[in-house]
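Summary of structural features
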Amino acid sequence: MISLQNVTRYYESGERTVRALDGVSLAIARHEFVAVAGPSGCGKSTLMHLIAGLDRPTAGEIMVDGLRLTTAGDAALTNFRRHQLGLVFQFFNLLPTMSVRENVSLPLLLQGVPLPECEARAGELLRLVGLTERAGHFIHQLSGGEQQRTAIARALVHKPSLLIADEPTGNLDTASAARVLDLLREIAEEKLATLILVTHSVEVAAQATRLVEMRDGKVVSDVTQASSLTSRAGILPAA
Ligand code: ADP
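Notes on the structure follow. (Residues numbered from 1 in each chain as written. Predicted model: local features only at pLDDT ≥ 70, side-chain atom pairs only at ≥ 80, totals over all residues. Heavy atoms only, no water.)

Some words on the pairing of strand β10 (residues 218-224)
For clarity, the cut-off: By this definition, two strands are paired if DSSP reports at least two bridges between them. For helices the rule is a DSSP run of H or I covering at least 4 residues; for strands it is a run of E covering at least 2, with both sets numbered from the N terminus onward.
Across six bridges, the pairing between strand β9 (residues 210-215) and β10 is antiparallel. Bridging across to β10, M214 finds its partner in V219. Counting the residues in the hairpin turn of β9 and β10 gives two residues, including D216, whose phi is positive at 50 degrees.

Structure, rendered in structure tokens:
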């Protein structure tokens, strides 16, 4: 599903070259649930931007879902992002003047899907994330955890093959963070998408079935792990 071969991304900053990614090779199978963890500045966001087709590497090859991102034109990348990719961030990026249902429908509306179909599909996703009762509320009437679940519903509404969640629990209290992580695990178990969870928290990373650890732009460890239901009580919100 995803393949990176010897990917580097350097930034020139004055006299210095910052090696944000320094020779990363990685293969992720369809429907895997992978956590990418490591301290701030190790290259996690750079890696996600590359996999999302939002940035291009200095060198190396990246294939996602059959598309060679490294040589694809801008139109192909835009098409890839619009159809194949769902993104969830720490700051929910929801539109405050729209209802929950409208926010979740938006990616489909932008694809030109007729409104009744958009709303029906948004309804399915709101059921999945447990927010059916909140569909008509405005975003500012929701708690942080509910906003994040709305963002997850929106990220999945167009049935992307890849869901990238970048510090999705970073702004949440412990209970809301646990609920969001439960939801992400359910999405992975139901094979709704290949799931990449980016975090600097070891507890959050423990939820995935595979853990890729980065340091200084390199992958330093890559292990399969049992998704630990028992550790859920101890999940901490990322600082
Ligand atoms: P993480 O997401 O793990 O915190 P990043 O991918 O954001 O790490 O950053 C990796 C390294 O690349 C850091 O040293 C960061 O300062 C540097 N970096 C990221 N983006 C830029 C940029 N646009 N210009 C210069 N340096 C950058």
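After that view, the rundown keeps rolling.
Some points on the pattern of salt bridges
Condition: Salt bridge criterion: a side-chain nitrogen from Lys or Arg within 4 Å of a carboxyl oxygen from Asp or Glu. Each residue is placed in one exposure class: buried if its accessible area under a 1.4 Å probe, protein chains only, is under 20% of its type's maximum, exposed if it is over 50%, and partly exposed if it falls in between.
Scanning the entire structure with this criterion turns up 11 salt bridges. D55 is the partner of R9 in a salt bridge, and the nearest nitrogen-oxygen pair spans 2.9 Å. Remark: D55 occurs in the loop between α1 (44-51) and β4 (59-64) and R9 occurs in strand β1 (residues 2-13); sequence separation between them is 46 residues. Among the residues examined, R9 registers a relative accessible area of 16% and is labelled buried.

Notes on the nonpolar core
Convention followed: As used in this record, nonpolar core signifies buried Ala, Val, Leu, Ile, Met, Phe, Trp, Tyr and Cys residues forming a set joined through side-chain atoms within 4.5 Å. In this analysis, two residues are considered to be in contact whenever any of their non-hydrogen atoms come within 4.5 Å of each other.
Counting residues in hydrophobic clusters, the biggest one holds 42 residues, and the most contacted among them are L126, I152, L163 and L184. For this core, the elements supplying multiple residues, two or more each, are β3 (33-37), α3 (100-110), α4 (115-128), α5 (144-156), β7 (162-166), α6 (174-189), β8 (194-199) and α7 (202-205). Looking at this core element by element, the count peaks at seven residues for α6. Other than its neighbours up to four places away in sequence, L184 contacts F33, I152, L163, A165, P168, L195 and L197. Counting 28 residues, the second largest nonpolar core, distinct from the first, contains V24, V36, L69 and L85.

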